[in-house]
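# Remarks on the overall topology
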Amino acid sequence: MTTVTWTLDSSDGGQLAVRTDVTGRAAKMGHRLTIAVTSWTATVEWSGDAPTAITLVAEVSSLDVVHAEGGLTPWLGPEKIVAKANALKSFDADRYPSIRFRSEEITAGDSGFRLAGTLEIHGVSRKITVDVNVTDLGDRWHIVSESIVRQSDYKITPYSQMFGAMKVVDEVTVTFDAEYRKP
């Protein structure tokens, strides 16, 4: 059986992003953010029709706030810079520059695959299961996934201000959307 390796990254037009929400008595003041990870690489090893191993590495320093909604004030350039700085501080990006996922078991499903593996964030490794949907578009595959990650599980304290009256919700949504052109 021939083994084939796919490599996908942000230069292929794929997107890896984190969506946040806010809570607390002053939640109306906070913006709900979409933070793109602009530098990441996913490697997929195939044997026949099935993936046998998947690895994803994301560079924390590449976080970029790409969208904000809500809040009492308009979303301007300075807020974007402050939000990115707060995210990098929360992740302790200098000390933990990468986020890594490595599959340990891959199960085929009706619309894609279920990946069971280890996610390492902020120096903490935890088991996680990720469902990945794959759609055959003829000349390429469209690959999407959406998972919930609890920051506190990885010893990350969600950002807060005003003594906790406005804070980022502990659970964030991680989305992945990419296409891979068939050989």
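Residues numbered from 1 in each chain as written. Predicted model: local features only at pLDDT ≥ 70, side-chain atom pairs only at ≥ 80, totals over all residues. Heavy atoms only, no water.

## A look at unusual backbone geometry
We apply this condition: Secondary structure elements are taken from DSSP: a helix is a run of H or I of four residues or more, a strand is a run of E of two residues or more, and numbering for both begins at the N terminus. Only protein chains enter the accessibility calculation, which uses a 1.4 Å probe; a residue is then buried when its area is under 20% of its type maximum, exposed when over 50%, and partly exposed in between.
Phi angles above zero are rare outside glycine, and D92 is one such case at about 50°. Inspection of the secondary structure puts D92 in the loop between α1 (77-91) and β8 (98-108). Although it is not a glycine, H122 adopts a positive phi angle of roughly 60°. Tracing the chain through its elements places H122 in the loop between β9 (112-121) and β10 (124-136). A residue is classified by how much of its surface remains accessible, and H122, at 15% relative accessible area, is buried.

## Here we look at the pattern of salt bridges
To keep things clear, this is the line we draw: Here a salt bridge means any side-chain nitrogen of Lys or Arg lying within 4 Å of a carboxyl oxygen belonging to Asp or Glu.
Evaluation of the coordinates by the stated rule reveals 13 salt bridges. Put simply, E104 and R102 hold a salt bridge, and the shortest N to O gap is 3.6 Å. A residue is classified by how much of its surface remains accessible, and E104, at 43% relative accessible area, is partly exposed. For K127, the salt bridge identified is with E104, shortest N-O distance 2.8 Å. Of the two residues, K127 sits in strand β10 while E104 sits in strand β8, which places them 23 residues apart along the sequence. Salt bridges linked by common partners bring R126, R150, D153, D170 and E171 together as one network.

## Some words on the sheet that holds β10
For clarity, the cut-off: Should DSSP find at least two bridges between two strands, the strands are regarded as paired. Angles run from 0 to 180 degrees between N-to-C directions of axes, and those axes are lines fitted to C-alpha atoms, restricted for helices to the stretch in contact.
Taken together, the eleven strands give an open sheet; going across it, the order is β1-β5-β6-β8-β9-β10-β11-β14-β2-β4-β7, and neighbouring strands pair in antiparallel fashion. Two strands lie at the open edges of the sheet, namely β1 (3-9) and β7 (63-70), each paired on one side alone. Across the sheet, the mean angle from the axis of one strand to that of its neighbour is 20°, orientation sign disregarded. Pairing of strand β6 (residues 50-59) with β8 involves five bridges; the strand directions are antiparallel. Paired with E59 across the strands is S98, a residue of β8.

## With respect to the pairing of β10
The pairing of β9 with β10 spans ten bridges and is antiparallel. Considered in β10, the bridge of E120 is made with S125. Linking β9 back to β10 in an antiparallel pair, the connection comprises two residues, with H122 at a positive phi of about 60°. Connecting the antiparallel pair β10 and strand β11 (residues 140-150) is a turn made up of three residues, with G138 showing a positive phi of about 95°.

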